[in-house]
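# Residue-level structure breakdown
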Amino acid sequence: MEAKKVKSLDKYIDSAYKAEESLMLRYHKGISFDGLSKDDFKAISLKEGARICKFISYKDILIYIVDESTLMAGGTFKTLEACFTVAACKKKGYRKVAFSSGANFGSALTIYGQKAGIQTFFFHPKAASWKLDGNLFESSTAHHISVDKSEKEVKKAALLFAKMSGIQHVPEVEWRVLSTGLRAFLVFEYILKNKIQFDWVSQPICAGYGPIGFYNTAQKLIQEDIINKEMVPKFLVIQQEYLSPMVRAWKNRHSKILSEDI
């Protein structure tokens, strides 16, 4: 009888790095984009670690937490997006970049921009300034522009500034999706190693790049016969109502988001 194949993520794991140290470096083999290599990520890596912890048992249901804060340089999972974005910017030779953010992503980009020697222009809604650490902007290369408008208008301001200044506006959507997919490698490595099944994954989302990246990576692993479709957790999301056109599109049975869903 033929021996049963043991499914493994080994082809995507760099054992020189622990997940608690850096998801970016441990799973860099799973990201193939525009010639970016481990050396590109290593050059600007700070802390991009995460871990899965048993939390509580509630009515015989085991609940685990994916800690994507205490081991991240930026304090949130947006650190992954920032690390990838700055590595891509450095690879492309960008010396100045502009971007907008409510708080977490912009803060992380500022941190990694300083590590890479890239001048950053962080556009931020004034109403959320309390979320920022002023120490982030002590460097002469880190600029904070507070705009007394909604987040949508803040992004327009950043785009206009980048265009008028002749600098790059970042990140590209594909960068965000690829980098957020790194957490899927962590989750499925844990599942395979511990021979357990997570029925649901739940998180709050804003734009939704996190779950898109997660399920894109899951699909890739299914296609490569590394995991089974049944191993992929269902998704429970918490989102602000005005940011949820996808939910309205689903309710209206649209195959894509239409103007009436926004």
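Our focus in this paragraph is the pattern of salt bridges. Pairing is possible between side chains of opposite charge, provided their charged atoms come close. Under the criterion given, the structure shown has 10 salt bridges. Put simply, R183 and E68 hold a salt bridge, and the shortest N to O gap is 2.8 Å. On the criterion of sequence distance, the pair formed by R183 in helix 7 (residues 182–194) and E68 in the loop between strand 2 (61–67) and helix 3 (78–92) is long-range, its members being 115 residues apart. The buried category is assigned to R183, whose relative accessible area is 8%. By relative accessible area, which is 12% here, E68 ends up buried. The residue E81 makes a salt bridge to R176 at a minimum N-O spacing of 2.6 Å. Here R176 lies in helix 6 (residues 173–180) and E81 lies in helix 3, a separation of 95 residues in the sequence. The exposure classification of E81 matches that of R176, with both residues buried.

To continue, consider the packing of helix 3 against helix 4 (residues 104–116). Here helix 3 crosses helix 4 at 40 degrees, and the two axes come no closer than 8 Å. Between helix 3 and helix 4, the crossing angle belongs to the class labelled oblique. In the crossing of helix 3 with helix 4, the sense of the turn from one axis to the other is right-handed. Here helix 3 contributes K78, T79, E81, A82, C83, T85, V86 and K90 to the contact with helix 4, which in turn contributes N104, F105, A108, L109, Y112, G113 and A116. Residues belonging to the contact of helix 3 with helix 4 are distributed by class as follows: 8 nonpolar, 4 polar and 3 charged.

Turning next to the confidence of the model for the protein. Per-residue pLDDT for the protein averages 92, and the proportion of residues at 70 or more is 98%. The secondary structure element of the protein with the lowest average pLDDT is helix 9 (residues 245–251), at 81, and the one with the highest is helix 1 (residues 23–26), at 98.

This part covers the packing of aromatic side chains. Two measures describe an aromatic ring pair: the distance that separates the ring centres and the angle between the ring planes. All chains considered together, the criterion is met by 14 aromatic pairs. Pairing Y64 with Y190 gives two aromatic rings, centres 6.1 Å apart and planes at 70 degrees, and the pair type is edge-to-face. Taken together, the residues Y64 in strand 2 and Y190 in helix 7 connect sequence positions 126 residues apart. Its relative accessible area of 23% is what places Y64 among the partly exposed residues. Through successive ring pairs, a cluster of aromatic residues spans F188, F214, Y215 and F235.

As a further point, take the environment of F137. Assignment of secondary structure puts F137 in the loop between strand 4 (119–125) and strand 5 (142–147). Remark: the alpha-carbon pair of F137 and E151, spanning 14 residues in sequence, is separated by 20 Å. Once residues lying within four places of it in the same chain are set aside, the contact partners of F137 are T110, F122, L132, A142, H143 and H144.

Parameters and conventions
- Residues numbered from 1 in each chain as written.
- Predicted model: local features only at pLDDT ≥ 70, side-chain atom pairs only at ≥ 80, totals over all residues.
- Heavy atoms only, no water.
- Salt bridge = Lys/Arg side-chain N within 4 Å of Asp/Glu carboxyl O.
- Helix = DSSP H or I, 4+ residues; strand = E, 2+ residues; numbered from the N terminus.
- Buried < 20%, exposed > 50% of the residue type's maximum accessible area, 1.4 Å probe, protein only.
- Axes fitted to C-alpha atoms, helices over the stretch in contact; angles between N-to-C directions.
- Parallel < 35°, antiparallel > 145°, perpendicular 65-115°, else oblique.
- Left-handed = near helix turned anticlockwise from the far one by under 90°.
- Contact = heavy atoms within 4.5 Å.
- Nonpolar A, V, L, I, M, F, W, Y, C, P; charged D, E, K, R; others polar.
- pLDDT = per-residue confidence, 0-100.
- Phe/Tyr/Trp six-rings, centres within 6.5 Å; stacked < 30°, edge-to-face > 60°.

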